[in-house]
Amino acid sequence: MSTKQCWTATGRRKRAIAQVKLVGGTGKITVNGKDVNEYFSDATFVMDLKQPLTVTDNENRFDITIKVNGGGASGQAGASRLGIARALLEFDANTDQTREDSYRKILKVNGFITRDPRVKERKKYGLKKARRAPQFSKR
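This report concerns the structure included in the present document. Quick caveat, the model's predicted, so the values are computed rather than measured.

1. Points about the overall build of the chain
Then, in step 1: Looking only at helices and strands, the chain features four helices and five strands.
Then, in step 2: Overall, the chain shows an N-to-C arrangement of helices and strands of β-β-β-β-α-α-β-α-α.
Then, in step 3: Over its C-alpha trace the chain gives a radius of gyration of 19 Å, far above what one expects of a compact globule, namely 14 Å for 139 residues.
Then, in step 4: A principal-axis box enclosing the C-alpha atoms of the chain has dimensions of 80 × 35 × 25 Å.
Then, in step 5: Per-residue burial for the chain yields a buried fraction of 32% across its 139 residues.
Then, in step 6: For the chain, long-range pairs separated by at least 24 residues make up 66% of all intrachain contacts whose partners lie at least 6 apart in sequence.
Then, in step 7: Distance between charge centres in the chain, computed from 29 positive and 14 negative side chains, equals 16 Å.

2. Considerations on a positive patch on the surface
Then, in step 1: Judged by side-chain charge, Lys120, Arg122, Lys123, Lys128, Lys129 and Arg132 come together as a positively charged surface patch.
Then, in step 2: Within the secondary structure, arginine 132 is located in the segment after α4 (103-109).

3. Considerations on the sheet that holds strand β3 (residues 29-31)
Then, in step 1: Ordered in space as β1-β2-β5-β3-β4, the five strands form an open sheet in which the pairing is mixed. The outermost strands of the open sheet, each flanked by one partner alone, are β1 (6-13) and β4 (34-35).
Then, in step 2: Bridging between strand β2 (residues 16-24) and strand β5 (residues 62-69) involves eight bridges; their strand directions are antiparallel. Looking at β5, one finds that alanine 18 is bridged to valine 68.
Then, in step 3: On top of the sheet, helix α3 (residues 73-91) reaches β1, β2 and β5; it is set at about 145° to β1, its chief contact.

4. Re the nonpolar core
Then, in step 1: Counting 28 residues, the largest nonpolar core has Leu22, Ile29, Ile64, Ile66, Ile84, Leu88 and Leu107 as its most contacted members.
Then, in step 2: Of all the secondary structure elements, the ones that give two or more residues to this core are β1, β2, β3, α2 (43-55), β5, α3 and α4.
Then, in step 3: Per element, the largest residue contribution to this core is seven residues, and it comes from α3.
Then, in step 4: Here isoleucine 66 is in contact with Ala18, Gln19, Val20, Ile29, Thr30, Val31, Asn32, Leu49, Ser80 and Ile84, once residues within four sequence places are set aside.

5. What about the environment of valine 109?
Then, in step 1: With respect to the helices and strands, the residue valine 109 is situated in helix α4.
Then, in step 2: With 22 residues separating them in the primary sequence, valine 109 and alanine 87 have C-alpha atoms 17 Å apart.

6. Things to note about the side chain of aspartate 116
Then, in step 1: Positionally, aspartate 116 belongs in the segment after α4.
Then, in step 2: A polar side-chain atom of aspartate 116 sits 3.3 Å from a polar atom in the side chain of arginine 13.
Then, in step 3: Polar contacts involving the side chain of aspartate 116 include one to the side chain of arginine 118, which spans 2.8 Å.

7. Side note on the pattern of salt bridges
Then, in step 1: Scanning the entire structure with this criterion turns up five salt bridges.
Then, in step 2: When the shortest N-O distance is used, the salt bridge between aspartate 116 and arginine 13 registers 3.3 Å. Here aspartate 116 is found in the segment after α4, whereas its partner arginine 13 is found in strand β1, with 103 residues between them in sequence.
Then, in step 3: Salt bridges here are not isolated pairs; linked through shared partners, they connect Arg13, Asp116 and Arg118.

What counts, and at which threshold
One numbering rule holds for all chains: residues counted from 1, following each sequence as written. Per-residue local features of the predicted model are confined to residues with pLDDT of at least 70, and side-chain atom pairs are confined, for both listing and counting, to 80 or more; whole-chain, interface and lining totals are unaffected and use all residues. Values reported for side chains reflect all heavy atoms of the structure, with hydrogen atoms and water molecules removed beforehand. Under the scheme used here, helices are H or I runs from DSSP no shorter than 4 residues and strands are E runs no shorter than 2 residues, and both carry numbers assigned from the N terminus. Between the two quantities, the radius of gyration covers C-alpha atoms and the globule rule is 2.2 Å times the number of residues to the power 0.38. The rule is simple: take the accessible area with a 1.4 Å probe, protein chains only, and divide by the maximum for that residue type; under 20% is buried, over 50% is exposed, in between is partly exposed. Contact between two residues is taken to exist if any of their heavy atoms lie within 4.5 Å; hydrogens are not considered. Charge counting follows a simple rule: Lys and Arg are positive, Asp and Glu are negative, and His as well as the terminal groups are ignored. Where a charge sits is defined by one atom per residue type, namely NZ (Lys), CZ (Arg), CG (Asp) or CD (Glu). A patch consists of residues exposed above 30% relative accessible area that lack any salt bridge, with like charges linked at up to 9 Å and nonpolar side chains (Val, Leu, Ile, Met, Phe, Trp, Tyr) linked at up to 5 Å. Using a 1.4 Å probe, accessible areas were evaluated by the Shrake-Rupley method; residue-level cover was limited to the displayed protein chains. Take a side-chain nitrogen of Lys or Arg and a carboxyl oxygen of Asp or Glu: if they are within 4 Å of each other, that pair is a salt bridge. Any two strands are treated as partners once DSSP identifies two or more bridges connecting them. With axes taken as lines fitted to C-alpha atoms, and helix axes fitted only over the stretch in contact, angles between N-to-C directions fall between 0 and 180 degrees. To form a nonpolar core, buried Ala, Val, Leu, Ile, Met, Phe, Trp, Tyr and Cys residues must be joined to one another through side-chain atoms within 4.5 Å. Within 3.5 Å is the distance limit for a polar contact, defined as a pair of N or O atoms, with the added protein rule that one can donate a hydrogen and the other accept it, and that residues adjacent in sequence qualify only through two side-chain atoms.

Structure follows, in structure tokens:
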């Protein structure tokens, strides 16, 4: 009985949380049980999600399973991208990180390791939204 090695990571963006599992394979990406192109209707979200694989030249090396919930499509794609980048770092952990072709250097230069901290600001009392005040009426 042979078990395939698996690398897991978590990615977050806005309100979305993605759990990513990388297994050696042919490049099939599944999001919440559906194919990635079926789950994300917009091709730009799919492209955004695949960027860490593209820059590290691993598009057809791993089968990826993603469980994502919360937020909208953009946040979910961003969370999945961060999860994939972190899982690739997990995969590449045993190599020398000072080398120019290490995944850490490649992903860091392209900005895929940094968690985007921007989240929706909370609504304040007396206002309609976080900063939107009610319309002023002179009379």
